[in-house]
Number of protein chains: 4
Amino acid sequence: MTAMDLFGRLLASTGMVRSSAQRSAERLATLLRSLASQRGEASGAVLARRAVGLYGRLDAEGRRRLFEILARDFSPDRQSVLDAAAAYARDGSPASLVHLQHAAEPLRQEVFRRMNMAPGGTATLLGLRVELLEAMKGDPALASVDHDLVHLLSSWFNRGFLELRRIDWNTPAAILEKLIAYEAVHEIRGFPDLKRRLQRDRRCFAFFHPALPDEPLIFVEVALVDELPSQIAPIIALDSEVAEPRRAYCAAFYSITSCQPGLRGISFGNFLIKQVASDMQAELPNLKLFATLSPIPGLRNWIEKNAPGEESRERLEALAAWYLTREWENGQARDSVARFHFGNGARLERLNWQADASPKGLAQSFGMMVNYVYDLRMVERNHEEYVNRRHVVCSGAVEKLARAGEAILPRKPTAPSAPVPG
Amino acid sequence: MTAMDLFGRLLASTGMVRSSAQRSAERLATLLRSLASQRGEASGAVLARRAVGLYGRLDAEGRRRLFEILARDFSPDRQSVLDAAAAYARDGSPASLVHLQHAAEPLRQEVFRRMNMAPGGTATLLGLRVELLEAMKGDPALASVDHDLVHLLSSWFNRGFLELRRIDWNTPAAILEKLIAYEAVHEIRGFPDLKRRLQRDRRCFAFFHPALPDEPLIFVEVALVDELPSQIAPIIALDSEVAEPRRAYCAAFYSITSCQPGLRGISFGNFLIKQVASDMQAELPNLKLFATLSPIPGLRNWIEKNAPGEESRERLEALAAWYLTREWENGQARDSVARFHFGNGARLERLNWQADASPKGLAQSFGMMVNYVYDLRMVERNHEEYVNRRHVVCSGAVEKLARAGEAILPRKPTAPSAPVPG
Amino acid sequence: MTAMDLFGRLLASTGMVRSSAQRSAERLATLLRSLASQRGEASGAVLARRAVGLYGRLDAEGRRRLFEILARDFSPDRQSVLDAAAAYARDGSPASLVHLQHAAEPLRQEVFRRMNMAPGGTATLLGLRVELLEAMKGDPALASVDHDLVHLLSSWFNRGFLELRRIDWNTPAAILEKLIAYEAVHEIRGFPDLKRRLQRDRRCFAFFHPALPDEPLIFVEVALVDELPSQIAPIIALDSEVAEPRRAYCAAFYSITSCQPGLRGISFGNFLIKQVASDMQAELPNLKLFATLSPIPGLRNWIEKNAPGEESRERLEALAAWYLTREWENGQARDSVARFHFGNGARLERLNWQADASPKGLAQSFGMMVNYVYDLRMVERNHEEYVNRRHVVCSGAVEKLARAGEAILPRKPTAPSAPVPG
Amino acid sequence: MTAMDLFGRLLASTGMVRSSAQRSAERLATLLRSLASQRGEASGAVLARRAVGLYGRLDAEGRRRLFEILARDFSPDRQSVLDAAAAYARDGSPASLVHLQHAAEPLRQEVFRRMNMAPGGTATLLGLRVELLEAMKGDPALASVDHDLVHLLSSWFNRGFLELRRIDWNTPAAILEKLIAYEAVHEIRGFPDLKRRLQRDRRCFAFFHPALPDEPLIFVEVALVDELPSQIAPIIALDSEVAEPRRAYCAAFYSITSCQPGLRGISFGNFLIKQVASDMQAELPNLKLFATLSPIPGLRNWIEKNAPGEESRERLEALAAWYLTREWENGQARDSVARFHFGNGARLERLNWQADASPKGLAQSFGMMVNYVYDLRMVERNHEEYVNRRHVVCSGAVEKLARAGEAILPRKPTAPSAPVPG
């Protein structure tokens, strides 16, 4: 660092001069204010285009500054909100309520809506959110900006606007390449590896949004197999024989990956699994069982903390069953994958010992995996049990294991009540 | 009407029994409440599908009842809103503000978001709004339901999600048929008539939304001609000669029609005209002038009320110029078409005597039409003049006519200030 | 005609001067000679493009001249053919045979192959053939040119290269418009009329060739109905109720039209009917009967010539049955429509009195129509009967009527043998 | 080999028993005879489908037997040919000529036309030809079958029916995978390698036929570069910087690969290069030079045989220039790549020393490569020089080198005349 740099930093840190990043951020903020005004309305998409362009040229520091400005200066005026609330308190009329709603809506929501009008606007906003999430780690005050962005994105990415597409070997390479990059559960080692996962005894489906036609939002991989699978290796082996899908018994969901960090917290997995199960059922009436082969990501950590000891199969299986069915946190199953599937109304069917011998599998769960079963006629009921009665629905075998776990564990379950047989 | 019918009506009118329509509406309302709850979240799109189906089977009376329930029972709880406002008044924190926003958001917004998840959900909501607008005529309390629907629809039909498509003779008949039905400015008398409007010296463009792939939202018709047009008949004549688009000088926008009554109040025209002008400019650099040939829908009415008298060309032209440039209402030009184009930043270029000899043209404006010019480099500035300084931008010729109109009219203009030369 | 014109004609007719048309034709012929040579091979498609362009600019007279040149100067050299034949006579080797084949192939075949390489080449050749067929009426010597063209076209329009497309209301208007223009059996009176024929209880399919993507080659119209139809009016009525295709019993082929006069003599109808029957059977297993409702175009003419007399139903039906099953010409059924369906292996099922009350129906066949049944399991066998044993396959009822006709007719049947019951 | 096998072979070889392969071949031959008859015409595509199915189930031996039968039993009847020739000798009429053409056409041509009608027929025939070419190595009598097949295929794969498609990273993986497998000039080592060749400063185009929509027939790879390239390595390097195509000066064709061995001898390369050059010229007017960077596959072999000696740059370059411009064989340039480009009308522009340091490059041509220039305005003239005057068109520099080669070589050139400066 030169003396000049150092001097510049000192000045900047003392707030005596505005850095170039700061100036760029302020320039953009001024434009955004115009954009959200009546002028923005009249300009067609010209201002929106300009704003998206300027944002693209901001450096990391400039973006952080912009987020600060959005959090601070694009919030509602407190006094106007309170005045509107007072008026509503007085007359309770629908019109007053609407007025209060408007007063309480931050200007940055309109800013984001208008930015979305530019070509590439939606992609820009998703990118903006990725950086905002990063910036939030150091500045919790930005949460209010994120709140507005999430409000819009979850409305825009409403399931009714998503398109389900089958992914196969006729899919453009540019999209397949993204699956390879995004896959988060069982690594895809390149095109030949992916090709095996797209043969006719495998299926892959993804949701897309019309504004991002080349960007999968989430994708699921399915193996059409003879029976409920107990190991991952045969499913993802490059050289396994290709089977006849019209003879398969079980559709095994063995990987589901969310692709867009800019959509964090906006969940499509539930819709995806159920839509895919329903479509495959229609196409292949021979399929009788829809189930996952899933990891137990939090198991080892939890056991090492709560019940360290001998690592025998008997003991570990019992503890795993206990952990999955009875260990709760904030009213939900503690294991993140279990939480997702129970929330969707799936039933915990089976614990599989030596199911995933990869380093990751061993590190997460001593190599164990589980099957969650999606019985479409039962998911609503199972979900009710889980959400309203705080019951996990599981098979008798799992329940038996969990009771054995009960005996081993020194302390009480966190689950409000016992599992129910599915 | 039988005695039993009469008896039933009497009972219903006295509120002593619930009609069948009322019961159906209540059943659906119960389902909607589930749908908007956590249960709806878990059901995939099953509940949404059911709700959309039930709505489809409600009769007109049932729908009116449903709207009443939505207005009454799906509004925010007043006390919760006031509590949240009080908390925000105390600490002014972003978290309290978010809490207040949530408390003030009617549950029916979530209901509509969830209904949208069903296949055909978006189309159902547009249909629902059409009926709601009808019902509102008799029951202004439904305005709050409409407010929520508009809030969602304008977010979902954000310009960033719209697709501009060229309509030509290769477009599916199912879509062309809709243009024929929807056309609101210069009637299309069937396929042969439409065909002439789609030849290579004519252009037609429409916005579509991905959730309604076969439904044009708005479309514009353009004639590629030698000069600024002064009459509509040669443009829409079935037997006019087809000209060479690469030699045209002027792109004349002679018709623009909004197709979806369910999107009333959500405007795309501004975007459409500017996008089309910009795209055609890129495709055909020979085009030097982008302008409309537009009706003056409110002119005759206004003249008959404000300046009845002799119907000479001189007098009528002067009054028309005055009316268009100086007659304002609520801070905007009074004529609805003028208001639209001035709001978009267009310039009023020319008054055309004997431009539209059709009964409608004579009835609206003594057969006169006007040209609004879209100079893309000037629209922002013109818009500023119009919105901020309340100036209409017009040609010297129009301004001269308007001054002549000033002399005729007994009273003051309502425009806050004089037009400016464009 | 002026004196100069007359003088020119005289000169031209005496062959003393070449007309301008003649000169243009000769210029093109010179180019075609280059095109068919090695030079044409090397030029990419440049020469082909030029040739197609020149052809397009020839007037009617120039084209006739060109055809004459093609017939005269682009035929094989007789001496070379005879030399090659002599060599083959000597050694009978495959190489000599190939040599003979080459010597006997007219140069114009290569000319047409090369013209086809230009953009729009295939369409140009189809147009050329239409004019050639016209010119042949006055000049039978052109038949050899046509023979070469047919040889190529029937190879290029091999069924393996045709694409079957369903035509419905989502088909581009530009294609639908052609169906309206081409329909040859039951006139389509415009788009609304066509729309009824494309509803879900009607089907329309056409063959297309990849080189003419917007040009239907042949199309068939099908009604999905409750029973074997006996009248055409209910099928083509604009206001008939739309039925549920999943409940239909019979697929009634009520119109089949060849669209391209340039493909005269190259038949696709057999392929089309069988492919459509097979595809519809797969889509709608409820369909149990595939049959036509067909005109008898030659009936009235034949009766008036061969058995004039009283026009009672009994007599006319008997004569019609006799005509269809026993009146042969050159080893084939005499009625053109019967010939087509018998050749395809269809069975003559029923005669329908008062089936088509239109002027055309009355003029052709006293308003009678017939049903031919396509039983896909029987068509090969029926065809064998028809072609090899000269039997027409028909129902017992038709056979009985034909025998009654036998008794009425003064003379012997031309059919080599009696019909067989299907 | 067991005793039984031996016995069987003996029997088969003595013709005393027909092998199973022989029987299958004969069964199919019987079917093919039906197929080519009127019965085949009537069956729709049923017989064709059956024939294609049976062919698919023949083993290698069965196919060889089938080819023998096709050569022997599906040839024209000699006497009929001679009779037809005699009739033509007598009257010389067009009708007699047509009759002779028909008599001389082998039945197997009709067989192949009918097989093509089945779904997948065209692909089956291409596969059949690959095996036929293999079988011909041992049985030259099969050449007549191949002749008929080539006759049909070159008619069907007429350039007018081919579709030019740009290949890029949005192309389906199933097609990209084929490019990787087929590439014959500079090996593509997998998808990442291919990806670099599809970036925006590279282009790839292929011809497709509508009957084989997923099968490239031939493809060419182009690099958009600053100057006429002298080395292949920078072009195919995976990590080279991606340049701006709008600033490129030269489109360098660095690889062209025919993909279908079943189309051997039917050439599309000439069309492809010229079409691509013309299209790219239209898209990128900045491109001023269209040229190849090509191997000299036969050089080392030729030098080692004809002028072995010192391998200095000076000597090798002189010999290479001499070899390319003056060494002819059967009226064409001897080097296969040179022959292709001279035949297309390209000019030999430059010899590049150390252009391809790969083992293959060194083995073929001491690492030398050449540039052929495609000047679209000159290709016809260059082609004339090459074909009619037996001149190769080359630059002055190459001509100078060739003269130096003249001095070194002990013997006379085989070229009929000297090169001409381009």
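Keep in mind the model is a prediction, meaning the values are calculated, not measured.

A.B. asks: I would appreciate a short explanation of the relation of the copies chain A and chain D in the present structure.
C.D. replies: Between the two copies of the chain lies a relationship made up of a rotation around an axis and a movement along it. Superposing chain A onto chain D takes a rotation of 180° plus a shift of 0.0 Å along the axis, which leaves an RMSD of 0.0 Å. Each copy turns onto its partner about a two-fold axis. The rotation axis passes nearest to the C-alpha of A:Pro172 in chain A, at a distance of 2.0 Å. Residue by residue, 100% of the interface of chain A is reproduced at the interface of chain D, so both copies engage with the same surface.

A.B. asks: So what exactly am I meant to see when it comes to the pattern of salt bridges here?
C.D. replies: Pairing between side chains of opposite charge can happen when the charged atoms of each approach one another. Counting across every chain of the model gives 128 salt bridges over all chains. In this structure, the salt-bridge partner of A:Glu105 is A:Arg113, at a minimum N-O distance of 3.3 Å. The partner of C:Glu61 in a salt bridge is C:Arg64, with the nearest N and O atoms 2.8 Å apart. Of the two residues, C:Glu61 and C:Arg64 are both situated in helix H5 (residues 60-73); the distance of 3 residues between them amounts to about one turn of the helix. Taking the relative accessible area as the measure of exposure, C:Glu61 reaches 25% and is therefore partly exposed. On the basis of relative accessibility, which here comes to 38%, the residue C:Arg64 falls in the partly exposed class. Each of A:Glu105, A:Glu110, A:Arg113 and A:Arg114 takes part in a single network of salt bridges with overlapping partners.

A.B. asks: Could you clarify how one ought to interpret the packing of helix H5 (residues 60-73) of chain D against helix H9 (residues 121-138) of chain D in this entry?
C.D. replies: Packed helix pairs are characterised by how far apart their axes lie and by the angle those axes make with each other. All names here are of chain D. Two numbers describe how H5 lies on H9: the axes approach to 10 Å, and their chain directions differ by 80°. As the angle between them shows, H5 and H9 are arranged roughly perpendicular. From H5, Arg63, Arg64 and Phe67 reach across to H9, where they touch Leu128, Glu131, Leu132 and Ala135. Within the contact of H5 with H9, the residues separate by chemical class into 4 nonpolar, no polar and 3 charged.

A.B. asks: In this structure, what is going on with the interface of chain D and chain C? I would like to understand it.
C.D. replies: Put simply, an interface is often sized by how much accessible area is lost when its parts join up. Counting from both sides, the interface comprises 57 residues of chain D and, opposite them, 57 residues of chain C. Both sides together, the interface formed by chain D and chain C hides about 4,400 Å², and carbon and sulfur atoms give 59% of it. Run the count over chain D and chain C and you get 2 salt bridges. Here C:Glu380 makes a salt bridge to D:Arg50, at a shortest N to O gap of 3.3 Å. Taken together, chain D and chain C are joined by 16 residue pairs in polar contact (both at pLDDT 80 or more). Looking at the side of chain D that touches chain C, the elements that each hand over two or more residues are helix H3 (38-42), helix H4 (46-57), helix H6 (78-91), helix H7 (94-104), helix H10 (143-156), helix H14 (269-283), helix H17 (336-344) and helix H19 (379-388) of chain D. A per-class count over the side of chain D that touches chain C returns 24 nonpolar, 20 polar and 13 charged.

A.B. asks: Help me out: how do you make sense of the packing of aromatic side chains in this one?
C.D. replies: Given two aromatic rings, one states the distance between the centres and the angle between the planes to describe the pair. Residues and elements named next belong to chain B. Enumeration over the complete set of coordinates arrives at 34 aromatic pairs over all chains. Between Trp302 and Tyr323, the ring centres sit 5.1 Å apart and the planes meet at 40°, which makes this aromatic pair tilted. With a gap of 21 residues between them, Trp302 in helix H15 (residues 299-306) and Tyr323 in helix H16 (residues 313-326) connect regions that are remote in the sequence. Residue Trp302 is classed as buried on the basis of its relative accessible area of 2%.

Calculation rules
Residues numbered from 1 in each chain as written. Chains lettered and ligands numbered in written order. Predicted model: local features only at pLDDT ≥ 70, side-chain atom pairs only at ≥ 80, totals over all residues. Heavy atoms only, no water. Least-squares fit on C-alpha atoms with pLDDT ≥ 70 in both. Contact = heavy atoms within 4.5 Å. Salt bridge = Lys/Arg side-chain N within 4 Å of Asp/Glu carboxyl O. Helix = DSSP H or I, 4+ residues; strand = E, 2+ residues; numbered from the N terminus. Buried < 20%, exposed > 50% of the residue type's maximum accessible area, 1.4 Å probe, protein only. Axes fitted to C-alpha atoms, helices over the stretch in contact; angles between N-to-C directions. Parallel < 35°, antiparallel > 145°, perpendicular 65-115°, else oblique. Nonpolar A, V, L, I, M, F, W, Y, C, P; charged D, E, K, R; others polar. Buried area = accessible area lost by both parts, 1.4 Å probe. Polar contact = N/O pair within 3.5 Å; in protein donor to acceptor, adjacent residues only side chain to side chain. Phe/Tyr/Trp six-rings, centres within 6.5 Å; stacked < 30°, edge-to-face > 60°.

Limitation: the analysis is restricted to geometry and does not speak to function.
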